[in-house]
Amino acid sequence: MTRPAVTQIEFWPVDIPITDPFVVATGARVVAENVFVRITLSDGTHGYGEAAPFPEVGGEDRTSCMAALAQLAPLLISRDPNEYRMLAAEMAAAMPRQPAARCGLETALLDAHCRTHTMPMWQLWGGADVRARETDITIPIASLEKTVALARGWYENGFRLFKMKVGKDVDLDIRRLEAVHRTCPDVAFIGDGNQGFTTDDCLTFVRGVRTFGGRLVLLEQPVVREDLAGLAAIRRATNIPVAADESVRSLDDARRVVAQQAADHINIKIMKTGVVEALNIAAFTLDSGLKLMIGGMVETRIAMGCSFSLVLGMKGFDILDLDTPLLLAEDPITGGYRYAGPQLQPWTASGLGMSTEMPAQRRVRIG
């Protein structure tokens, strides 16, 4: 029996307002400027993907993503989705600096592949941990008053792990966390510097949070990505687990982090590596005795559903930062996993179990 092959690839830009400006140490977003992808197989099956570039973090923007998709898509025409690992490697070799674009195509290819086999995407990775899971919630850099208002709203919706964006003003960062600590009892914090701190800044930040009794459970990428010695020094000086995020954009990066004992967790993000490379990094991380965190850029439930499939399919993800669809003003996706407060509820439909409307205009069609 002939297996279905890729016959057509379509992609189109989407603009989704963010409810509050998504401000991090290195930049800000007020609109998610993403790209949706749909792959069609010869048996009529569709698969959906998403590219969510974040220029201030990964260097890609939507213009470069659209151009990369136009160049990469022909590589997949007439190819067998079962060969997704080989196809991912070919795309990475062709455009190594466009992981968000590659992620969109990989996700759509995997979605179509799983639909033809009538299995949820998490089953492809083993289905080892299929249960509802809890995510943190991200509080962007904002004024003291805005920070407290956002935190109070999420606290009332059941969130107890707050990922605080920090790294621009150490004194204000400490006061923001203290205000949330006083307003929302029993919360824990992740301090996400997005490379904004120096080592000394980070140590000052930790001392300040400890002074008011705040509970810091993780420091995520406090210093610039190349400063693995700084990450290691912060681990030793604070005894707070450190997560490497921007420092790990490839399997080779992960090897360097492990070799220098620079982190306790590695933050897996399919948008900064592609899906197959993310799988390789996750497996290596666990084999090396480190822990896994998983997050994303400013993504809808398409890309985040692919990441959630890794959590459900594999073991070892300790910290989930899969919250960005909650930060968007609308949800353009039908089906798939759902949120119940901080809980992500698994799905049972094939693939990602999702679909979205494709506009008649603005789409690019290949094949």
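Starting from 1, residues in each chain are numbered consecutively following that chain's sequence as written. Per-residue local features are limited, in this predicted model, to residues with pLDDT of at least 70; the limit for side-chain atom pairs, both in listing and counting, is 80 or more; totals at the level of whole chains, interfaces and linings are taken over all residues. Only hydrogens and water are removed before side-chain values are computed, so all heavy atoms of the structure are retained for them.

**Q** Teacher, can you tell me more about the overall build of the chain here?
**A** For the purposes of this entry, the term helix denotes a DSSP run of H or I that reaches at least four residues, the term strand denotes a run of E that reaches at least two, and both are numbered from the N terminus. What the chain contains, in helices and strands, is 13 helices and 17 strands. For the chain, the C-alpha radius of gyration of 20 Å lies close to 21 Å, the compact-globule estimate for 367 residues. Along the three orthogonal principal directions, the C-alpha set of the chain runs to about 65 × 40 × 35 Å. Working definition: with a 1.4 Å probe on protein chains only, accessible area under 20% of the residue-type maximum means buried, over 50% means exposed, and in between means partly exposed. Expressed as a percentage of its 367 residues, the buried residues of the chain come to 59%. Neither His nor the chain ends contribute to the count of charged residues, in which Lys and Arg are positive and Asp and Glu negative. A charged residue contributes its charge at one atom only: NZ of Lys, CZ of Arg, CG of Asp or CD of Glu. Taken together, the 38 basic and 44 acidic charged side chains of the chain have centroids lying 2 Å from each other. Radius of gyration means the value over C-alpha atoms here, while the globule rule gives 2.2 Å times the residue count to the 0.38 power.

**Q** Is there a simple way to think about unusual backbone geometry in this case?
**A** Despite not being glycine, serine 78 has its phi angle at roughly 70°, a positive value. Among the structural elements, serine 78 can be located in the loop between helix 2 (62–76) and helix 3 (84–94). Given a relative accessible area of 56%, serine 78 falls into the exposed group. Here the phi dihedral of threonine 118 falls at roughly 45°; this positive angle occurs in a residue that is not glycine.

**Q** I tried to follow the nonpolar core on my own but got confused; where do I start?
**A** A general feature of soluble globular proteins is that nonpolar side chains tend to end up buried together. The biggest cluster of nonpolar side chains holds 120 residues, and the ones touching the most others in it are Phe162, Phe205 and Phe317. In this structure, phenylalanine 162 is in contact with Ile137, Ala151, Trp154, Tyr155, Val180, Cys184, Val187, Ala188, Phe189 and Ile190, ignoring residues within four places of it in sequence. By size, the runner-up hydrophobic cluster in this structure holds five residues, among which are Leu218, Ala243, Met293 and Ile319. Grouping buried Ala, Val, Leu, Ile, Met, Phe, Trp, Tyr and Cys residues that are joined through side-chain atoms within 4.5 Å yields what is termed a nonpolar core. Here, two residues are considered to be in contact whenever any of their heavy atoms come within 4.5 Å of each other.

**Q** For this particular structure, what's the right way to read the pairing of strand 1 (residues 6–24)?
**A** Walk down a regular strand and you will see the side chains alternate between the two sheet faces. Burial analysis of strand 1 places 14 of its 19 residues in the buried class, which makes it a mostly covered element. Note on pairing: two strands pair once DSSP finds at least 2 bridges between them. Bridging between strand 1 and strand 2 (residues 27–41) involves 14 bridges; their strand directions are antiparallel. Directly across from proline 13, in strand 2, lies its bridge partner valine 35. With antiparallel pairing between neighbouring strands as the criterion, strand 1 and strand 2 make up a hairpin whose turn holds two residues. Sheet topology places strand 1 next to strand 17 (residues 364–366); three bridges connect them, and they run antiparallel. Its bridge partner lying in strand 17, isoleucine 9 is registered against isoleucine 366.

**Q** Teacher, can you tell me more about the packing of helix 7 (residues 170–183) against helix 8 (residues 199–211) here?
**A** Interhelical geometry of helix 7 versus helix 8 gives an angle of 30° and a closest axis separation of 9 Å. By the angle class used here, helix 7 and helix 8 are roughly parallel. For the crossing formed where helix 7 meets helix 8, the hand is right-handed. Contacts between helix 7 and helix 8 involve Val170, Asp173, Ile174 and Leu177 on the former and, on the latter, Asp201, Thr204, Phe205, Gly208 and Val209. For the contact of helix 7 with helix 8, a count of residues per class yields five nonpolar, two polar and two charged. Every axis corresponds to a line fitted to the C-alpha atoms, with the helix fit spanning only the stretch in contact, and the corresponding angles, defined between N-to-C directions, vary from 0 to 180 degrees. If an angle is under 35 degrees, it is roughly parallel; if it is over 145, roughly antiparallel; if it lies from 65 to 115, roughly perpendicular; otherwise it is oblique. The sense of a crossing depends on the near helix, which, turned anticlockwise from the far helix by less than a right angle, makes the crossing left-handed and, turned clockwise, makes it right-handed. Charged residues are taken to be Asp, Glu, Lys and Arg, nonpolar residues to be Ala, Val, Leu, Ile, Met, Phe, Trp, Tyr, Cys and Pro, and polar residues to be all remaining types, Gly included.

**Q** Can you walk me through the state of the cysteines in this structure?
**A** In protein structure, a disulfide is the covalent linkage between the sulfur atoms of two cysteines. Any two cysteine sulfur atoms lying within 2.5 Å of each other are counted as a disulfide. In the structure shown here, the tally under the stated rule is zero disulfides. Its sulfur unpaired, cysteine 65 is 9.5 Å from the next cysteine sulfur, which belongs to cysteine 103. The thiol sulfur of cysteine 306 is not disulfide-bonded, and the nearest other cysteine sulfur, from cysteine 103, lies at 6.1 Å. Residue cysteine 306 is classed as buried on the basis of its relative accessible area, which comes to 0%.

**Q** Explain helix 8 here, please?
**A** Turn by turn, an α-helix covers 3.6 residues, leaving residues three or four places apart pointing in a common direction. The span expected for a helix works out to 1.5 Å for each residue beyond the first. Compared with the 18 Å implied by 1.5 Å per residue over 13 residues, the 19 Å span of helix 8 between its first and last C-alpha is a close match. By the burial criterion, the buried members of helix 8 are Cys202, Leu203, Phe205, Val206, Gly208 and Val209. Each element contacted by the buried residues of helix 8 is listed here: helix 7, strand 7 (188–192), strand 8 (216–220) and helix 9 (228–238). Of the residues one or two after helix 8, glycine 213 is the one with positive phi, at around 90°.

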